[in-house]
Structures are given as C-alpha cells and as structure tokens.
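Commentary on secondary and tertiary structure
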Amino acid sequence: FQRLFHSGESETTVRKTHQPVLVVRDAAWPPAGLVAGYDGSASSLAAADMAARLARAFGLEVTLVQALPELGREAMDTAPAELKDLAEDILERHAQRLRGIHVVEVRTEVLAGRAVPRLLERAGDHGLLAIGNPRAPRLPGPVLSRHCCALLEKAQGPVLVCHSH
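The structure contained in this document is the topic of the report that follows. On a predicted model such as this, the values are computed, not experimentally measured, just so you know.

**What to know about the nonpolar core**
- Formed by 26 residues in total, the largest nonpolar core has its most connected members in Ala36, Val62, Leu64, Val106, Leu128, Ala130 and Leu160.
- Those elements that place two or more of their residues in this core are strand 3 (33–37), helix 2 (42–58), strand 4 (62–68), helix 3 (80–102), strand 5 (106–112), strand 6 (127–133) and strand 7 (159–163).
- For this core, the element with the highest residue contribution is helix 2, accounting for 7 residues.
- In contact with alanine 36, not counting residues within four places along its chain, are Ala48, Ala51, Val62, Thr63, Leu64, Val65 and Ala130.
- Counting residues in each nonpolar core, the second largest holds 20 residues, with Val21, Val65, Leu111 and Ala150 among its members.

**Let's talk about the packing of aromatic side chains**
- The tally for this structure, following the rule as stated, stands at 1 aromatic pair.
- Judged by centre distance (5.6 Å) and plane angle (90 degrees), the rings of tryptophan 29 and phenylalanine 58 are edge-to-face. You can see tryptophan 29 sitting in the loop between strand 2 (21–23) and strand 3 and its partner phenylalanine 58 sitting in helix 2, a full 29 residues away along the chain.
- Look at phenylalanine 58 and you get partly exposed, because its relative accessible area is 35%.

**Structural notes on the environment of glutamine 19**
- By secondary structure assignment, the location of glutamine 19 is in the loop between helix 1 (10–16) and strand 2.
- We classify glutamine 19 as partly exposed; its relative accessible area is 33%.

**Some remarks on the pairing of strand 4**
- The buried count for strand 4 comes to 7 of 7 residues, which makes it a mostly enclosed element.
- Burial along strand 4 is two-sided: Val62, Leu64, Gln66 and Leu68 and Thr63, Val65 and Ala67, pointing in opposite directions, are all buried.
- Two strands pair when backbone bridges link them, and strand 3 and strand 4 are joined in this way by 4 bridges, in the parallel orientation. Bridging from a neighbouring strand, valine 35 pairs with threonine 63 of strand 4.
- Each parallel crossover has a hand, and for strand 3 linked through helix 2 to strand 4 it is right-handed.
- In the sheet, strand 4 pairs with strand 5 via 7 bridges, with the strands oriented parallel. Paired with valine 65 across the bridge in strand 5 is glutamate 109.

**Details of the side chain of glutamate 109**
- Inspection of the secondary structure puts glutamate 109 in strand 5.
- Glutamate 109 has contacts with Thr63, Leu64, Val65, Gln66, Leu91 and Arg122, leaving out every residue within four places of it along the chain.

**Looking at the packing of helix 2 against helix 3**
- Contact geometry for helix 2 and helix 3: axes closest at 10 Å, N-to-C directions at 40 degrees. Regarding the angle of helix 2 to helix 3, the classification is oblique. In this structure, helix 2 meets helix 3 at a crossing whose hand is right-handed. Of the residues in helix 3, those touching helix 2 at Leu45, Ala48, Asp49, Ala52, Arg53 and Arg56 are His94, Arg97, Leu98 and His102.
- Looking at side-chain class alone, the contact of helix 2 with helix 3 contains 4 nonpolar, 2 polar and 4 charged residues.

Conventions and cut-offs
- Residues numbered from 1 in each chain as written.
- Predicted model: local features only at pLDDT ≥ 70, side-chain atom pairs only at ≥ 80, totals over all residues.
- Heavy atoms only, no water.
- Core = buried A, V, L, I, M, F, W, Y, C linked by side-chain atoms within 4.5 Å.
- Buried < 20%, exposed > 50% of the residue type's maximum accessible area, 1.4 Å probe, protein only.
- Helix = DSSP H or I, 4+ residues; strand = E, 2+ residues; numbered from the N terminus.
- Contact = heavy atoms within 4.5 Å.
- Phe/Tyr/Trp six-rings, centres within 6.5 Å; stacked < 30°, edge-to-face > 60°.
- Pairing = 2+ DSSP bridges.
- Right-handed = clockwise from strand over helix to strand, strands pointing away.
- Axes fitted to C-alpha atoms, helices over the stretch in contact; angles between N-to-C directions.
- Parallel < 35°, antiparallel > 145°, perpendicular 65-115°, else oblique.
- Left-handed = near helix turned anticlockwise from the far one by under 90°.
- Nonpolar A, V, L, I, M, F, W, Y, C, P; charged D, E, K, R; others polar.

Next up, the structure:
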C-alpha cells in the first residue's frame, strides 16, 4: 500500500496524481465492506485489484458491480437477458482472477440502472467504493470523468480512485 495516496481533499488531490487515491472524509475506517465498480476499463480493473488487496488486509469480501442502464430499455439490439448473462460471465472471470491472486472472497452483481446511483446504493454509508477513472485520450494527466466526480461528491463512505496509465 506504499503507493496509495491518502487525502481528505477529494477532487483536487485526485486530479493532481497518477497514483491510486483513497479519499476518507468522516467515514469510519476500516470500511464495513468493499464495492468495486466495473465498466470494462483498465482503470476499473486496477480499482478492483486494489479493493481485493484491501479486502485481504482487513478480512473483508469484495463485491464487483457493473451497472447497466440498457437493461431497462425497450429497444435494444441485444435482449436484456442476453446482455445481463454476458456481463455476469465477464464479471465472474474477473472475480476468479481476483480470488486466485489475492485469496479473498469476491461476489459479483450486475445491476439494472445508471452507474452512479447504483454504486452509491450498493456501497451504502460505510462501504468503500473502488472506482476507475479512465484516462481521457490526448489530454495530459488525470482528468476526472463525470461519473468519478459525481461519486466523489456524493459518496458517504471512503472512495478509492485508480487512474489508467
């Protein structure tokens, strides 16, 4: 955990570093649980990996979550059940990798709905939320995505942000 940067200044600090940043405001530490948001990006996988390391250190389990707004839509090329099955298969492969590397319990959940409210709901008031912040193409340094900004602003518990390189 030597590379993990601890701070109470959320958005400003997260923007200034390429390292993973753990933002702990008034939240209890250690967290009651760990939720890692997955969106298919390398940074979300890095966040899940860091969450698994923390889970092992604190004797907790990780819940790997993907929110799919498409599951609620009527007109789609792929049927909602097929989309959910595919997402569950992908999450389970990542969960197996995390279990094998870190020897921790990892659960998976595919949730219908927009990512920000679903991740906040799943993490609750006392869970750590680990999220990736994909690097914006052609822009120097970390630029926070709108999802990352919203989660940092609204989360009640600690938030771990991992940038892609």
